[in-house]
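Breakdown of the fold
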Amino acid sequence: LINNTFFLIATNYGGIFACYSIEKDRRQKFYRLHVIENERRRIAQTQERLEKIISEDGLTRLGNRRDLQRRTVQCVAQFRASLQPTAVIVLDLDNFKQVNDNFGHVAGDEVLKKTSAIILGYLRDVDFAFRYGGDEFVIFLPGRSALEGIVTAAKIRAEFREWSESSAVSESTNLGLSIGITEFCSVVDTVESIMHRGDEALYKAKRRGKGLIVVIPGHASKIQATASSDDLLSL
């Protein structure tokens, strides 16, 4: 009887201790997994913030050249998968140097920030905008051709013109906006080839009187009348 009683007591205490050990181990594992998951989430958030910092222009909050390069790779991959073009709009401020010379760089920075705000106001969730450098901006419109990009470009230019005409900085500077448009249309397109075509269109807009929209489609086609012939040139 004593032996049986001792055996039962020992078995009960042993079971209790085993259950306690198992439960303790489970709790410790859960706590460690919880800590690891929180650490992973914190690291992911930190990486996301760092990625945003190194991919964002500090003044305008648009993408910078690094982000432009990354998005170009994505657009080329998208074209390979779907054969849908991506319109590329290159914008440059006319007579911007006069703003800095006459009103100072603080006023110049305000013009750049206002330009970026106008650009962002006409973009879809799938579109991207970048400050390419100085007073030059670039817009990607995935799923739209160069011809379809004319509508967005014309709206941006119209609002910028309306704002600049009422702005004090335009009184002695004749501030304006010239625009060149092209598109991704080849599996071998790169940021260099795209920017070369976009800049070519932009420079022709400036040489022909500034304030114009010049389009260089990636394929042979005719421009439909979506803007005044005085303002829009197809090449």
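Below is a short write-up of the structure. (Residues numbered from 1 in each chain as written. Predicted model: local features only at pLDDT ≥ 70, side-chain atom pairs only at ≥ 80, totals over all residues. Heavy atoms only, no water.)

Let us look at the packing of aromatic side chains. Evaluated as defined, the whole model comprises three aromatic pairs. Ring geometry for phenylalanine 160 versus tryptophan 163: centroids 5.7 Å apart, planes at 50°, classification tilted. Remark: tryptophan 163 and phenylalanine 160 occur in helix 5 (residues 149-165); sequence separation between them is three residues, near one turn of the helix. Overall, the relative accessible area of 1% leaves phenylalanine 160 in the buried class. You can call tryptophan 163 partly exposed: its relative accessible area is 22%. Taken together, the ring pairs connect Phe130, Phe140 and Phe184 into an aromatic cluster. Arginine 65 extends its terminal NZ or CZ atom over the ring of tyrosine 132, reaching a point 4.1 Å from the ring centre. (Phe/Tyr/Trp six-rings, centres within 6.5 Å; stacked < 30°, edge-to-face > 60°. Helix = DSSP H or I, 4+ residues; strand = E, 2+ residues; numbered from the N terminus. Buried < 20%, exposed > 50% of the residue type's maximum accessible area, 1.4 Å probe, protein only. Lys NZ or Arg CZ within 6 Å of the ring centre and 35° of its normal.)

Between its terminal C-alpha atoms helix 2 (residues 65-82) stretches 25 Å, which fits the 26 Å expected from 18 residues at 1.5 Å a residue. Of all the residues in helix 2, the buried ones are Asp67, Leu68, Arg71, Thr72, Cys75, Val76 and Phe79. Among the residues of helix 2, the N-terminal cap falls to asparagine 64, whose side-chain oxygen and the backbone nitrogen of arginine 66 are separated by 3.1 Å. A positive phi of about 60° marks leucine 83, the residue just after helix 2. (Expected span 1.5 Å × (residues − 1). Polar contact = N/O pair within 3.5 Å; in protein donor to acceptor, adjacent residues only side chain to side chain.)

Take the environment of serine 170 next. Summarising the element assignment, serine 170 is placed in the loop between helix 5 and strand 4 (176-184). Overall, serine 170 belongs to the buried group, its relative accessible area being 14%. For the pair serine 170 and asparagine 95, spaced 75 residues apart in sequence, the C-alpha separation works out to 9.4 Å.

Another point: the packing of helix 2 against helix 6 (residues 191-207). Helix 6 packs onto helix 2 with a crossing angle of 105° between their chain directions and a minimal axis gap of 10 Å. In this view, helix 2 runs roughly perpendicular relative to helix 6, as classed from their interaxial angle. Packed against helix 2, whose contacting residues are Leu68, Gln69 and Thr72, the element helix 6 presents Val191, Glu192 and Met195 at the interface. Class assignment for the residues of the contact of helix 2 with helix 6 results in three nonpolar, two polar and one charged. (Axes fitted to C-alpha atoms, helices over the stretch in contact; angles between N-to-C directions. Parallel < 35°, antiparallel > 145°, perpendicular 65-115°, else oblique. Contact = heavy atoms within 4.5 Å. Nonpolar A, V, L, I, M, F, W, Y, C, P; charged D, E, K, R; others polar.)

Glancing now at the pattern of salt bridges. Counted under the stated rule, the structure contains eleven salt bridges. Lysine 113 is paired through a salt bridge with glutamate 110; the nearest N and O atoms lie 3.1 Å apart. Of the two residues, lysine 113 and glutamate 110 are both situated in helix 4 (residues 105-120); the distance of three residues between them amounts to about one turn of the helix. The network of salt bridges with common partners includes Asp67, Arg70 and Arg71. (Salt bridge = Lys/Arg side-chain N within 4 Å of Asp/Glu carboxyl O.)

Once that is clear, we can look at unusual backbone geometry. The phi dihedral of asparagine 95 is positive, around 60°, even though this residue is not glycine. A relative accessible area of 18% means that asparagine 95 is categorised as buried. A positive phi angle, near 65°, is found at lysine 210, a position not held by glycine. Positionally, lysine 210 belongs in the loop between helix 6 and strand 5 (213-215).

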